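As a plain string of letters, each chain reads:
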Amino acid sequence: MPKFIIIVTLIFSLFFSHSGHAVEKFVELQTGSLMGMAHISFGLTLHKNHNFSIGIGFVPELDSHEEMTLTSLKYRYEGDTRIESELFGTSITISPFNFGLASLIGHQDEIYKKSPDYLPDGYYFPTAKRVIFNYQTVVSFNSDLQVYMDWSVLDVGLINYVRNFEFYNDNYDAFGLEGIVSYGFGIRKRF
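Residues numbered from 1 in each chain as written. Predicted model: local features only at pLDDT ≥ 70, side-chain atom pairs only at ≥ 80, totals over all residues. Heavy atoms only, no water.

## Comments concerning the overall build of the protein chain
Threshold: For the purposes of this entry, the term helix denotes a DSSP run of H or I that reaches at least four residues, the term strand denotes a run of E that reaches at least two, and both are numbered from the N terminus. Note on classification: 1.4 Å probe, protein chains only; a residue is buried when its accessible area is under 20% of the maximum for its type, exposed when over 50%, partly exposed between these limits. Per-residue and other accessible areas were derived by the Shrake-Rupley procedure at a 1.4 Å probe size, with only the shown protein chains allowed to occlude residues.
Each helix and strand in the protein chain was counted, giving three helices and nine strands. Reading the helices (α) and strands (β) of the protein chain from amino to carboxyl end gives α-β-β-β-β-β-β-β-β-α-α-β. When each of the 191 residues of the protein chain is scored for burial, the buried share is 35%. Here the protein chain displays about 12000 Å² of accessible surface, and carbon together with sulfur accounts for 63% of that area.

## Focus: the side chain of Thr93
Inclusion rule: Pairs of N or O atoms within 3.5 Å make up the polar contacts considered here, provided that, within protein, one atom can donate a hydrogen while the other can accept it, and that residues adjacent in sequence are counted only when both atoms are side-chain atoms.
Relative to the helices and strands, Thr93 is located in strand S6 (residues 90–107). According to the relative accessible area criterion, Thr93 is buried, its value standing at 18%. Of note is the side chain of Thr93, whose polar atom sits 3.2 Å from the side chain of Glu84.

## Observations concerning the packing of aromatic side chains
Note the cut-off: Two aromatic rings from Phe, Tyr or Trp, using only the six-membered ring of Trp, form a pair when their centres are within 6.5 Å; if the ring planes differ by under 30 degrees the pair is stacked, by over 60 it is edge-to-face, and anything between is tilted.
One pass over the structure, following the stated rule, counts nine aromatic pairs. Taken together, a centroid distance of 5.1 Å and an interplanar angle of 50° make the contact between Phe52 and Tyr75 tilted. Taken together, the residues Phe52 in strand S3 (residues 50–59) and Tyr75 in strand S4 (residues 68–78) connect sequence positions 23 residues apart. The exposure class assigned to Tyr75 is partly exposed, which follows from its relative accessible area of 27%. For the ring pair Phe167 and Tyr172, a centre distance of 6.4 Å and an interplane angle of 75° mean the geometry is edge-to-face.

## A short note on the pattern of salt bridges
The line we're drawing: When a carboxyl oxygen of Asp or Glu lies within 4 Å of a side-chain nitrogen of Lys or Arg, that pair is called a salt bridge.
By the definition in use, this model includes seven salt bridges. Residue Glu28 pairs with Lys74 through a salt bridge whose shortest N-O separation is 3.0 Å. A residue pair is termed long-range when its members are at least 10 positions apart, and Glu28 in strand S1 (residues 23–32) and Lys74 in strand S4 qualify at 46 residues. Look at Glu28 and you get buried, because its relative accessible area is 5%.

## Points about a nonpolar patch on the surface
As a reminder, the rule being used: A patch is a set of surface residues, each over 30% in relative accessible area and not in a salt bridge, joined within 9 Å for like charges and within 5 Å for the nonpolar side chains Val, Leu, Ile, Met, Phe, Trp and Tyr.
On the surface, a cluster of nonpolar side chains totalling about 690 Å² of accessible area is made up of Trp151, Phe165, Phe175, Leu177, Val181, Tyr183 and Phe185. Along the polypeptide, Phe165 turns up in helix H3 (residues 165–171).

## Quick notes on the pairing of strand S7 (residues 129–140)
Counted only if it meets this: Strands are labelled as partners when DSSP assigns at least two bridges between them.
Taken together, the 11 bridges between S6 and S7 define a ladder with antiparallel strand orientation. Note on S7: the bridge partner recorded for Ile94 is Val139. For S7 and strand S8 (residues 145–154), the ladder comprises nine bridges, and the chain directions are antiparallel. Within S8, the residue paired with Phe133 across the bridge is Val153. The antiparallel hairpin formed by S7 and S8 contains four residues in its connecting segment.

Okay, here's the thing in structure tokens:
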């Protein structure tokens with residue numbers, strides 16, 4: 001964990017010292033989409049389209065696992081396509097093409113210490129580190145306030161989907177993607 005914090009601090013210090021282009025800051029709160037029940041992030045926007053953020057999240061205790069905290073490092077590319085519309089008499093802007101990548105680390109004392117006994121040694125390296133691919137549809141109510149819907153896929157989910165496409169296609173809708181895609185919602189405030 002300390003290495004992660006040092007690396008993130010160095011990356012963000014480079015962003016703040018970046019000159020020549022405006023750097024916007026934002027805070028976002030997200031639920032679901034593999035980021036836990038609640039996930040809060042602080043981020044920076046560079047060159048209008050590139051968004052970087054660090055965050056912390058929480059997963060409550062369930063029957064199948066203990067409570068867990070999460071830390072993340074996220075990148076999101078915000079597309080240039082904008083659709084102007086009106087909702088309940090309020091002007092809104094929809095940004096339909098936003099793609100991202102996140103590194104997510106789960107923190108819990110009892111998780112991922114060793115592989116299960118029924119697996120042969122070296123079958124896989126137990127870890128709580130994951131890579132998440134995501135797609136967002138963003139609705140802006142003004143230049144500072146945005147809400148979004150996020151669809152995400154874990155790295156291991158994508159690998160399993162490719163290896164077992166027939167299973168997913170036979171048992172889930174939308175070419176089997178329903179079996180690996182998770183969704184969530186969020187709100188973002190720019191400063």
